Each structure stands twice: as structure tokens, then as C-alpha cells.
Amino acid sequence: MPFDSPRHDWTKPEITDLYTQPLDALVAQALEVKRANWPDGALQKSQLLSIKTGGCPEDCGYCSQSAHFDTGLGAEKLMPLAAVVEAARRAKANGADRFCMGAGWRSLKDRDVPKVAAMISAVKAEGLETCVTLGMLEDGQAETLKQAGLDYYNHNLDTSPEYYPTVVSTRTYADRLETLAKAREAGVKLCVGGILGMGEGRDDRIGLIHELSKLTPHPESVPINMLVPIKGTPLGDSPAISVTEMARAIATCRIVFPKSWVRLSAGREGMSEGEQALCLLAGANSIFVGDRLLTTDNPGEDRDQALLDAVGFEASSHDAMEIAHKTTLIDAR
Ligand code: SAM
Ligand code: DTB
Ligand code: SF4
């Protein structure tokens, strides 16, 4: 039902039925939903910047920045404002419409709020959408960031609630949901997704999508990351997940989150152009541009241009984004 409002009452068996269809039937359904809800076929482009790298007290088994693992990545201080603005200008010149600043923090400290707020205001003034991912939030912090011009808060659920403790022991799924609720209450849009290829089963991938579908309203952005294996982390030797499984997850998200940006997120560096094209053809309408993610490589301008030329997708306009988001908020009422 492509024109229907986003649903928050999906059952896990329903999502399983979608996910496990023959791939051609799944993709056909996803593209029907995409065409109905995103008639201009726009592709959203975000660019990441790690504003505070490494030394994180959390033990997320996938992460280069955790102080629990020897990944060879040193701890750095918070970047100066001028360097952030310079990176945002470069991102805009490279066609990005959203700039996402990430910090290797367990949680945002009150003393850092004014510094991050200044970065958000300065990036917004460059004509970019703003996104931050700073770990857990305390009461009142999201309101200050929103006032500074924050559009999106990224905080991933990563996997199913059942598999989560296998990957992270220093916080709970409930902690993640609490921070998401704080950002939402402050009127900030949400970017929430997960990682595939951490040794989880298909049932966990479906469980993740089910948990995301219960968020009301749905996250406006849903990033689907393929694990970038980091040497020295517990997941550093994980076998790569198949690209068809990525395509299944993306197509299922396209159907379950009809009005959200679904991002083919981390992992493109390890994929061929054809594999990335498969994920875009499964219904993804957002990517990270630029030659770096947070601490790992991303394909960069030339390869991205070749990919976009191959699939023929246009970059999104802010008008298209605003229309999509207004519709999401109206539907959620
Ligand atoms: N510290 C904050 C947090 O955890 O929310 C923000 C930064 S953290 C690096 C942002 C997200 O990046 C994580 O939630 C995870 O989903 C994703 N991520 C981190 N390392 C990854 C990897 N090696 N491969 C794929 N995704 C990864
Ligand atoms: C998301 O879902 N993926 C991004 C962003 N949100 C913050 C992060 C990907 C990180 C990949 C590994 C790295 O570069 O450190
Ligand atoms: Fe820290 Fe975020 Fe990495 Fe976890 S994912 S170790 S919280 S930077």
C-alpha cells in the first residue's frame, strides 16, 4: 500500500514475510513504495566529520574509537570551530546537503554543550542541514542543541535487543531509547539505524527493523551500515555479510519507513560499483559522500560520481526534503 501513512504497528512476522520474499518480489514492492513517496527519485548526501576522535569509555565491539581495544587509534581533543567550518565548506562544495559531526563520547558533558552548539550554528550558517552523534544525552541538552540549529540527532540501535548485549556491555538498549526520546521531545529529527555483519542472524536484522518501526514518529533517516571490520576489535575478523542481505534489509526498510531517508551507510568502500548499485536499486535514497566516514575510508568524489552517473540518480533538493519531512510529521499525528 504505497500511499498509506507510515505504520507503527508492524508485527515481527509481517516484517519477516517482507524480508524473506524472493529478492525480485521484495525489490519490486520497495520500488513501488519509493516511486509513490519520492516521485523525484532524489538522493540525499550527508558528509561525516569526526570532531572528537578516540578514547571512548564504551566497549562497542565494532568500534575503532573504544579505549577497551587496541586499534592503533589515538585519542584526540575536540576539534577547533574554525577547522569544523572549513570541513563543512568543503563538504558543501562536494555536493553534501547534510553535515554530520560525530564524537567518540559515551555521553555529552554539559561543559561541551556550548562548544558543540557553536559548531552547529556555524555549520547551519553555511547552508547545510546539521546532524550530530554525541552519545547519550542528559535532560535539557537536546533543547540547547535544537536552539543552536540542530536538525538531526544520530543514535543507532545497531541490532536487535536480544543480540545487543553480545556487542556492547557498557550500556543497554533502554539507554539508547531514552536518548532518542529526549532528542525527539526537543523537536530534533532522528537518524536511527544499525549495522549488519556483526555475527547476528537474520532474525536479529528483522528484530532491528521491528524496533525501529515502533518509534513514533519514525526516524526521518534510517542508516543501514555494513560492518567495517576494525583490527583489534572483537569484531575485527568478522566475515563480510553478503550484499544481497544488505539489499534485503534496505528494501524492507524502504517499505516499512516509506517517508524516511534510507541510507546505504558505512561499508561502501568495500563494495564494487555494481554492489552499491544493487543497494540503491533496492530503495536506498541516501549515502555518505566524501573520502572519510568517521575514522575509516569512504569511496570519495570520483567514485561516487561514477556510481551516480551509472544509476542516474539526481541529488536531492532541500524542498524535496522539507516536503518529505512535513508529511512524516503530519502522518504521525
Ligand atoms: N559515540 C556515539 C555513539 O555511539 O552513539 C557517536 C559515534 S558512533 C561511532 C556512531 C555510530 O557509528 C555507531 O552507533 C555505529 O552504529 C556506527 N559505527 C561505528 N563503528 C562502525 C563500524 N566499524 N562499522 C559500521 N558502523 C560503525
Ligand atoms: C551511521 O549510522 N554511520 C555513521 C554515522 N551514522 C555516525 C558512522 C559510520 C562509522 C564507520 C566507521 C568509522 O569510520 O569509524
Ligand atoms: Fe564510543 Fe560511539 Fe564507538 Fe561506542 S560507537 S565506542 S559509544 S564512539
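Residues numbered from 1 in each chain as written. Chains lettered and ligands numbered in written order. Predicted model: local features only at pLDDT ≥ 70, side-chain atom pairs only at ≥ 80, totals over all residues. Heavy atoms only, no water.

Draft legend 1. Geometry of the overall build of the protein. Looking only at helices and strands, the protein has 12 helices and 9 strands in total. In terms of C-alpha radius of gyration, the protein reaches 18 Å, essentially the compact-globule figure of 20 Å for 333 residues. Dimensions along the principal axes, computed over C-alpha positions, put the protein at roughly 50 × 40 × 40 Å. By residue count, 59% of the 333 residues in the protein fall in the buried class. Counted over contacts in the protein with a minimum sequence separation of 6, partners at least 24 positions apart contribute 77%. Carbon and sulfur atoms form 53% of the exposed surface of the protein, whose accessible area is close to 13400 Å². (Helix = DSSP H or I, 4+ residues; strand = E, 2+ residues; numbered from the N terminus. Rg over C-alpha atoms; globule rule 2.2 N^0.38 Å. Buried < 20%, exposed > 50% of the residue type's maximum accessible area, 1.4 Å probe, protein only. Contact = heavy atoms within 4.5 Å. Areas by Shrake-Rupley, 256 points an atom, 1.4 Å probe, with all protein chains shown as cover.)

Draft legend 2. Here's a closer look at the pattern of salt bridges. Going through the model one piece at a time under the given rule, you end up with 21 salt bridges. Glu220 serves as the salt-bridge partner of Arg184, at 3.0 Å between the closest nitrogen and oxygen. A residue pair is termed long-range when its members are at least 10 positions apart, and Arg184 in helix α7 (residues 173–185) and Glu220 in the loop between α8 (202–214) and β7 (221–226) qualify at 36 residues. Glu220 carries the same exposure label as Arg184, and that label is buried. (Salt bridge = Lys/Arg side-chain N within 4 Å of Asp/Glu carboxyl O.)

Draft legend 3. View of the site of ligand 1. In the region of ligand 1, 18 residues are neighbours, and Tyr62, Asn156, Asp158, Arg176 and Val228 sit closest. Between an oxygen atom of ligand 1 and a side-chain N or O atom of Arg176, the distance comes to 3.0 Å. For ligand 1, whose unbound accessible area comes to 550 Å², protein coverage reaches 90%. Judged by the fraction of its atoms near the pocket grid, ligand 1 is located in the largest cavity. A breakdown of the residues in the shell around ligand 1 according to their chemical character gives 10 nonpolar, 6 polar and 2 charged. (Near = heavy atom within 4 Å. Polar contact = N/O pair within 3.5 Å; in protein donor to acceptor, adjacent residues only side chain to side chain. 1 Å grid on protein atoms, 1.4 Å probe; cavity = no way out; pocket = protein on both sides within 12 Å on 5 of 7 lines; lining within 4 Å. Sits in = over half its atoms within 2 Å of the grid points. Nonpolar A, V, L, I, M, F, W, Y, C, P; charged D, E, K, R; others polar.)

Draft legend 4. Geometry of the site of ligand 3. Neighbouring residues of ligand 3: Cys56, Glu58, Cys60, Tyr62, Cys63, Ser66, Gly104, Trp105 and Arg171. Cavity membership is defined here by more than half of the atoms lying within 2 Å of grid points; on that basis ligand 3 lies in the largest cavity. Among the residues forming the shell around ligand 3, the class breakdown is 5 nonpolar, 2 polar and 2 charged.

Draft legend 5. Seen up close, the layout of surface pockets. Looking at the largest pocket, its volume works out to about 390 Å³. Lining the largest pocket are 21 residues, and of these Gln47, Leu48, Leu49, Asp291 and Arg292 lie nearest its centre. Going through the elements one at a time, β1 (44–52) and α3 (81–93) are the ones with two or more residues in the lining of the largest pocket. Counted by class, the lining of the largest pocket contains 10 nonpolar, 6 polar and 5 charged residues. (Points joined across faces, edges and corners; volume = space filled by probe spheres on them.)

Draft legend 6. Main features of the pairing of strand β2 (residues 98–103). Among the 6 residues in β2, 6 count as buried, and that is most of the element. Alternating positions in β2 separate into two faces, Arg98, Cys100 and Gly102 on one and Phe99, Met101 and Ala103 on the other, with burial throughout. In this view, the connection linking β2 to its parallel neighbour strand β3 (residues 129–133) by way of helix α4 (residues 113–125) has right-handed handedness. (Right-handed = clockwise from strand over helix to strand, strands pointing away.)

Draft legend 7. View of the packing of aromatic side chains. Within this structure, the stated rule accounts for 2 aromatic pairs. Relative to Tyr173, the ring of Tyr164 lies with its centre 5.2 Å away and its plane at 80°, an arrangement referred to as edge-to-face. Per residue, the accessibility class of Tyr164 equals that of Tyr173, and both read buried. In this structure, Arg7 packs its charged tip against the face of Trp10, placed 4.1 Å from the ring centre. (Phe/Tyr/Trp six-rings, centres within 6.5 Å; stacked < 30°, edge-to-face > 60°. Lys NZ or Arg CZ within 6 Å of the ring centre and 35° of its normal.)

Draft legend 8. Region of the structure containing the nonpolar core. Counting 88 residues, the largest nonpolar core has Phe99 and Leu134 as the members making the most contacts within it. The contacts of Phe99, once residues within four sequence positions are left out, are Gln47, Leu49, Val84, Ala87, Ala88, Ala91, Val123, Leu128, Glu129, Thr130 and Cys131. In this structure, Cys100, Cys191, Trp261 and Ala266 belong to the second largest nonpolar core, which totals 10 residues. (Core = buried A, V, L, I, M, F, W, Y, C linked by side-chain atoms within 4.5 Å.)

Draft legend 9. The side chain of Asp158, seen in detail. Mapped onto the elements, Asp158 comes out in the loop between β4 (152–154) and α6 (164–167). No salt bridge forms around the buried Asp158; measuring N to O, its nearest opposite-charge neighbour Arg171 is 4.4 Å away. A polar side-chain atom of Asp158 sits 2.5 Å from a polar atom in the side chain of Tyr62. Those residues in contact with Asp158 that lie beyond four places of it in its chain are Tyr62, Tyr164, Arg171, Gly193, Gly194, Ile195, Met198 and Leu208. (Lys, Arg positive; Asp, Glu negative; His and termini not counted.)

Draft legend 10. Inspection of empty space enclosed by the protein at higher detail. Applying the stated criterion across every chain yields a total of 1 cavity of 30 Å³ or more. Estimated volume of the largest cavity: approximately 810 Å³. Partitioning the lining of the largest cavity into residue classes produces 18 nonpolar, 15 polar and 5 charged.

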